[in-house]
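# Observations on chain architecture
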Amino acid sequence: MCYAKLALDWCVKHDVDSGEAINNMAFVNIIRMEYPHAELLLQSAEQSGNQLERYVAYIQHMRLCQRRSDNTAFYLYLEKAKECRKRISKDSANYSERQQKRLLYAHTEYAIVNSTYYYYVGLLNTARMQVAPLYRIDILSADTSQYLGFLYHVGSGGMIEGSASVVYREESEYLQRCMDVAKNAGYIFFHANSLESIAEHLIDTDMKEADSCAHEALRLFTIYGDVYQIAGAYRTCASVRFNQGLYTDAVAYLNKACANPLVHRAPDLMASIYEQFSMAYSALNMKPQSDYYRNKYLDLQQNTRQDRYYESRIELLHQLSVSQRLYIISTLFIFILLVAFVVRARW
């Protein structure tokens, strides 16, 4: 955050566009789950005169909407990102090398954020289609961070088709590659992410190694300071302990997962935590507690899964149809005025 603020101060001092600096500050605030502040920053970046930074801001807003399970707003920002992408495509051939790298970052984020969203609403084929173009891009040579994001996204689940054994093997290869590159290059975030996913893959085969990976991921996320991922790592530790039959330990980890009030700003994350609470308390024969968390889980699920996908599409289509009707009416009005003017001129 310190460097992002320094960059913003420099932009203000030298009277240059501050879109990139504001986007960087918004990124940090999303990591810290300071969502209201991130929203304000993104709204500011979306007013930038730099179309590329507007594009990045719209994509970050999509990610923010995903974290908040705000499906309708997600689609509105998706449409804005698409329009911005079209405008950029006309000028991108003239971009500098640095701008080309920034554009690659934006395109990669666009694909991964879209794919992640569709994965969580259960549309796997659509999710796979979003990242398909990335297999043909040499991301590693241009942006190691985005390459790691791609490796992690494919390895973490849902992107590979085939038999269970083929999927498991290929996902494990992607995650291992992600971990190796991240560790050697010093990318703590992706090192931790890959470890957490490896832990989830190992739960049914190597409980001891799964536990070790989960705790190392938690340690690294704590260093990195990502509130959302820290909560997710506690949840993964709870899952490992649950599968070891250590149900009281699982509950303790889940309590730590939701101890930070900011975590409650992410409905999908909280739903997964409540679900594990219900399972752990059920295993401890504590039915009232299990039912309580089951109901909380179901309440959140009702608003964060595929039914909300259809709801959001209906709302978006309604808004688009209103805009289209206004456009048609205004066009007809102008046409009528022109006809009236021509008729009057003849008379």
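Counting from 1, residues in each chain are numbered in the order their sequence is written. Whole-chain, interface and lining totals are the exception, using all residues; otherwise, since this is a predicted model, local features are given only for residues with pLDDT of at least 70 and side-chain atom pairs are given and counted only at 80 or more. Processing note: side-chain calculations cover all non-hydrogen atoms of the structure and skip hydrogens and water entirely.

### Quick look at the side chain of S92
- For S92, the location among the structural elements is in the loop between α5 (71-89) and α6 (97-120).
- If sequence neighbours within four positions are ignored, S92 has contacts with Q100 and L103. The helix count covers DSSP runs of H or I at least four residues long, the strand count covers runs of E at least two residues long, and both are numbered beginning at the N terminus. Here, two residues are considered to be in contact whenever any of their heavy atoms come within 4.5 Å of each other.

### Digging into helix α10 (residues 164-185)
- Along its 22 residues, α10 runs 31 Å from first to last C-alpha, staying within 8% of the 32 Å computed at 1.5 Å per residue.
- Classification of residues uses two cut-offs on accessible area relative to the type maximum, computed with a 1.4 Å probe and protein chains only: under 20% is buried, over 50% is exposed, and between them is partly exposed. Where α10 is concerned, the buried positions are V167, E171, Y174, L175, C178, M179 and A182. Here the buried residues of α10 occupy an arc of 135 degrees about the axis, which is enough to place them on one side. For α10, exposure combined with an orientation more than 90 degrees from the buried face picks out S165, K183 and N184.
- Close packing links the buried residues of α10 with α9 (144-155) and α11 (188-202).
- A positive phi of about 80 degrees marks G186, the residue just after α10. A helix is expected to span 1.5 Å multiplied by its residue count minus one. Along the arc lie the directions from the helix axis toward the C-beta atoms.

### With respect to the packing of aromatic side chains
- Only rings of Phe, Tyr and Trp enter the pairing, Trp through its six-membered ring, and a pair is recorded when the two centres are within 6.5 Å. The plane angle decides the type: under 30 degrees is stacked, over 60 is edge-to-face, the rest tilted. Applying the stated criterion to the full structure yields 19 aromatic pairs.
- Ring centres of Y58 and Y77 lie 6.5 Å apart, and the angle between their planes is 35 degrees; this geometry places the pair in the tilted category. Taken together, the residues Y58 in helix α4 (residues 51-68) and Y77 in helix α5 connect sequence positions 19 residues apart.
- For the ring pair F150 and Y174, a centre distance of 6.3 Å and an interplane angle of 85 degrees mean the geometry is edge-to-face. Taken together, the residues span a long stretch of sequence, with F150 in helix α9 and Y174 in helix α10 at a distance of 24 residues.
- F150 gets classed as buried once you look at its relative accessible area, which sits at 6%.

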